[in-house]
Amino acid sequence: MSPIKTKIKNIISELIKDLEEASPNTRRSFYELYPLSFKIEVKGYFPIYVDLDRNTKKIGFAGYKDLNFEINAGLDDLINIVVKKKIAKQIIQGDVELAMVFFNLIEKSNVDIIYLVEKHFGNNAAFISSQLFNKIFLREGNIESKAGSLHKQLRDLHIRIDRLEARAH
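Note that the structure is a prediction, hence the values are computed from the model and not measured.

Chemist: What exactly am I supposed to notice about the confidence of the model for the protein chain here?
Modeler: Close inspection of predicted coordinates is inappropriate for parts of the model with low pLDDT. In the predicted model, the protein chain carries a mean pLDDT of 79, and 85% of its residues have values of at least 70. When pLDDT is averaged over each element of the protein chain, strand S5 (residues 92-94) comes out on top at 94 and helix H5 (residues 113-121) at the bottom at 71.

Chemist: I would appreciate a short explanation of the nonpolar core in the present structure.
Modeler: Across soluble globular proteins, you tend to see nonpolar side chains buried next to one another. If you look at the biggest cluster of nonpolar residues, it comprises 26 residues, and the most contacted ones within it are Leu-36, Leu-52, Phe-69, Ile-71, Ile-87, Ile-92 and Phe-102. Secondary-structure elements contributing two or more residues to this core are helix H1 (3-21), helix H2 (24-33), strand S1 (36-42), strand S2 (48-52), strand S4 (69-73) and helix H4 (96-108). With six residues, H4 is the single largest residue contributor to this core. Once you skip the residues sitting within four places of it in the chain, Leu-36 turns out to touch Val-50, Asp-51, Leu-52, Asn-68, Phe-69, Leu-98 and Phe-102.

Chemist: Just to check I follow, could you spell out unusual backbone geometry for this structure?
Modeler: Most peptide bonds are trans, and most residues other than glycine sit at a negative phi. Residue Pro-35 is bonded to the preceding Tyr-34 through a cis peptide linkage, with omega at 0°. One can find Pro-35 in the loop between H2 and S1.

Chemist: Is there a simple way to explain the packing of aromatic side chains in this structure?
Modeler: The relation between two aromatic rings is expressed through the spacing of the ring centres and the mutual angle of the planes. If you walk through the whole model with that rule in mind, you get nine aromatic pairs. Ring geometry for Phe-38 and Phe-69: centres 4.9 Å apart, planes at 5°, overall stacked. Here Phe-38 is found in strand S1, whereas its partner Phe-69 is found in strand S4, with 31 residues between them in sequence. Residue classification places Phe-69 among the buried positions, given a relative accessible area of 1%. Seen from their ring centres, Phe-38 and Phe-102 are 5.3 Å apart, and the 55° between their planes marks the pair as tilted. Within this pair, whereas Phe-38 is found in strand S1, its partner Phe-102 is found in helix H4, the two being separated by 64 residues in sequence.

Chemist: How should I be thinking about the pairing of strand S3 (residues 57-60) in this particular structure?
Modeler: The side chains of a regular strand alternate between the sheet's two faces. Both S2 and S3 contribute to a ladder of four bridges, which runs antiparallel. Paired with Asp-51 across the bridge in S3 is Lys-58. Where S2 folds back on S3, the antiparallel hairpin that results is connected by four residues.

Rules used throughout
Residues numbered from 1 in each chain as written. Predicted model: local features only at pLDDT ≥ 70, side-chain atom pairs only at ≥ 80, totals over all residues. Heavy atoms only, no water. pLDDT = per-residue confidence, 0-100. Helix = DSSP H or I, 4+ residues; strand = E, 2+ residues; numbered from the N terminus. Core = buried A, V, L, I, M, F, W, Y, C linked by side-chain atoms within 4.5 Å. Buried < 20%, exposed > 50% of the residue type's maximum accessible area, 1.4 Å probe, protein only. Contact = heavy atoms within 4.5 Å. Phe/Tyr/Trp six-rings, centres within 6.5 Å; stacked < 30°, edge-to-face > 60°. Pairing = 2+ DSSP bridges.

Given below as structure tokens:
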């Protein structure tokens with residue numbers, strides 16, 4: 001397996017683990033859905049197959065039998081999913097209801113995407129992601145909300161702390 005595919009597989013495995021560990025309620029909700037098998041294919045890239053069970057999480061690049069649903073999306077669709085936290089039903093084939101329940105669980109798990117980007121890709125990627133996130137919300141006028149404003153202040157504070165720690169070492 002290529003190093004890129006191995007890295008993607010590890011990132012997705014860690015993301016699923018982070019989502020399950022986000023809260024006991026989230027874990028219980030995921031356990032009610034398992035076993036779950038689906039495919040995510042971004043146009044122009046290789047498909048990713050995900051097979052989730054209570055004890056095993058398999059991520060691969062070869063097909064699984066008996067998929068519950070498939071997501072065939074463009075890059076712009078994925079950006080909309082991450083930013084707006086809404087998935088278009090048109091990009092889902094198979095059990096649309098199960099897919100929507102799964103993605104609603106992910107959305108309600110309140111996992112900070114910027115934190116995950118920083119954890120897996122480092123400070124620079126997190127900073128770029130947070131700036132992109134802020135620009136998108138500024139464009140849409142949503143940053144005026146208290147939650148958006150608080151998120152921005154916390155990210156700025158976190159970045160300052162990281163810089164101070166880097167200078168100390």
